[in-house]
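Observations on chain architecture
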Amino acid sequence: IVTDTIPANVEGVQVSNNGQVAAGRVTWNLGTLAPNASRTLTVSYRPSSSGNYRNEARATATCAEAVAAAAATRIEGVPAVLLEVIDLQDPIEVGGNETYVIVVTNQGSAPDTNSRIQAHLEDSMEFVSSSGATRGTYANGVVSFEPLASLAPGAKAEWRVVVKAVKSDDARFRVVMN
């Protein structure tokens, strides 16, 4: 008989060779094995969160000593950040204001940390204001926002930059995230 302990916080448990899943473990009743024979058994699952996962298997028989083996795996999440920039009006007249909305979404499985946003204005744009998840400052054609300490998985953060069109141009508002 082989038993394998299923770690907590896993889902989608799949087993081979008619293993039976119950009470947080998989049990295989292999019957008789001939001398020098072996069987390959598998169990797979998907961790539902990051952390340390320990897998422990044990084989017992009526005519042999029990044996056990264990393996540990560290599962780490990954931040996956989506950056979106939209303008609320387009085109705008010289002398008119345009608001750019910057949205950062963490589509990953781990927090994103210390995201920095910079918005670069062209010569045809004049800085009016900035607002959002962190404070922004303007200098030399660049709006620099303070770093966002952490963005949880599935969370969004938003910033806004308002500029004034000071001359006719086919202008581009460029945003860089680090």
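Structure shown above.
This section reports on the structure supplied with the text. (Residues numbered from 1 in each chain as written. Predicted model: local features only at pLDDT ≥ 70, side-chain atom pairs only at ≥ 80, totals over all residues. Heavy atoms only, no water.)

Side note on the overall build of the chain
As a reminder, the rule being used: Helical segments are the DSSP runs of H or I of at least four residues, strand segments are the runs of E of at least two, and each set is numbered from the N terminus. It is over C-alpha atoms that the radius of gyration is taken, and the globule rule equals 2.2 Å times the number of residues to the power 0.38. When a residue's accessible area, from a 1.4 Å probe over protein chains only, is under 20% of the maximum for its type it is buried; when over 50% it is exposed; and in between it is partly exposed.
Counting secondary structure elements, the chain contains zero helices and 17 strands. At 28 Å, the chain has a C-alpha radius of gyration far larger than the 16 Å of a compact globule built from 178 residues. Oriented by its inertia axes, the alpha-carbon framework of the chain measures out at about 90 × 25 × 25 Å. Counting across all 178 residues of the chain, residues that qualify as buried make up 28%.

Overview of the nonpolar core
The condition that has to hold: Grouping buried Ala, Val, Leu, Ile, Met, Phe, Trp, Tyr and Cys residues that are joined through side-chain atoms within 4.5 Å yields what is termed a nonpolar core.
By size, the foremost hydrophobic cluster in this structure holds 17 residues, and its most contacted members are Ile102, Ile117, Trp159, Val161 and Phe173. Counting only elements with at least two residues in this core, the list comes to β9 (97–106), β11 (117–120), β14 (142–145), β15 (148–151) and β16 (156–165). Broken down by element, the residue count for this core peaks at four residues, all from β16. Counting seven residues, the second-largest nonpolar core is a separate cluster that includes Ile6, Val10, Trp28 and Leu30.

As for the sheet that holds strand β12 (residues 125–132)
As a reminder, the rule being used: Following DSSP output, two strands are said to pair if at least two bridges run between them. Here an axis means a line fitted to C-alpha atoms, over the contact stretch when the element is a helix, while the angle between two N-to-C directions is reported on a 0 to 180 degree scale.
Reading across from one edge, β8-β9-β16-β12 is the order of the four strands in this open sheet, with antiparallel pairing throughout. The sheet is open, and its two borders are formed by β8 (81–87) and β12, each paired with just one other strand. Strand after strand, the sheet turns through a mean of 20° between neighbouring axes, direction not considered. In this sheet, β16 lies alongside β12 in antiparallel orientation, the contact comprising seven bridges. What sits directly across from serine 130, in β16, is valine 161.

Let's talk about unusual backbone geometry
In this structure, the amide linkage connecting aspartate 90 to the following residue, proline 91, adopts the cis form with an omega of 0°. Tracing the backbone through its elements, the reader meets proline 91 in the loop between β8 and β9. Unlike most non-glycine residues, asparagine 18 shows phi in positive territory, near 60°. Structurally, the position occupied by asparagine 18 is in the loop between β2 (10–15) and β3 (20–22). Positive phi values are uncommon outside glycine, yet asparagine 36 reaches one of about 65°. Among the structural elements, asparagine 36 can be located in the loop between β4 (25–28) and β5 (43–47).

Side note on the environment of aspartate 123
Short version of the rule: The contact definition used throughout considers only heavy atoms, calling two residues in contact when any of these lie within 4.5 Å.
Here aspartate 123 shows up in the loop between β11 and β12. Distance in space between the C-alpha atoms of aspartate 123 and glycine 141 is 7.8 Å, their sequence separation being 18 residues. Non-local contacts of aspartate 123, meaning those with residues more than four positions away in its chain, are made with Val166 and Lys167.

Description of the packing of aromatic side chains
For any pair of aromatic rings, the description rests on two quantities: the centre-to-centre distance and the angle between the ring planes. As a reminder of what qualifies: Note on aromatic contacts: the rings of Phe and Tyr and the six-membered ring of Trp form a pair at centre separations within 6.5 Å, being stacked when their planes are under 30 degrees apart, edge-to-face when over 60 apart, and tilted otherwise.
Applying the stated criterion across every chain yields a total of three aromatic pairs. Measuring from centroid to centroid gives 3.9 Å for tyrosine 100 and phenylalanine 173, while their planes differ by 5°, and the two rings are stacked. Of the two residues, tyrosine 100 is situated in strand β9 and phenylalanine 173 in the loop between β16 and β17 (174–177); the sequence distance between them amounts to 73 residues. Each member of the pair, tyrosine 100 together with phenylalanine 173, is buried. A centroid spacing of 4.7 Å and a plane angle of 0° characterise the contact between phenylalanine 127 and tyrosine 138, whose relative ring orientation is stacked. Within this pair, whereas phenylalanine 127 is found in strand β12, its partner tyrosine 138 is found in strand β13 (residues 136–139), the two being separated by eleven residues in sequence. By relative accessible area, which is 23% here, phenylalanine 127 ends up partly exposed.

Side note on the environment of serine 16
To keep things clear, this is the line we draw: Pairing of N or O atoms within 3.5 Å defines a polar contact, subject to two protein rules: one partner must be a possible hydrogen donor and the other a possible acceptor, and residues neighboring in sequence count only if both atoms are side-chain atoms.
Mapped onto the secondary structure, serine 16 falls in the loop between β2 and β3. Other than its neighbours up to four places away in sequence, serine 16 contacts Trp28, Thr40, Leu41 and Thr42. Within the local environment of serine 16, its side chain forms a polar contact with the side chain of asparagine 17, the two groups lying 2.9 Å apart.

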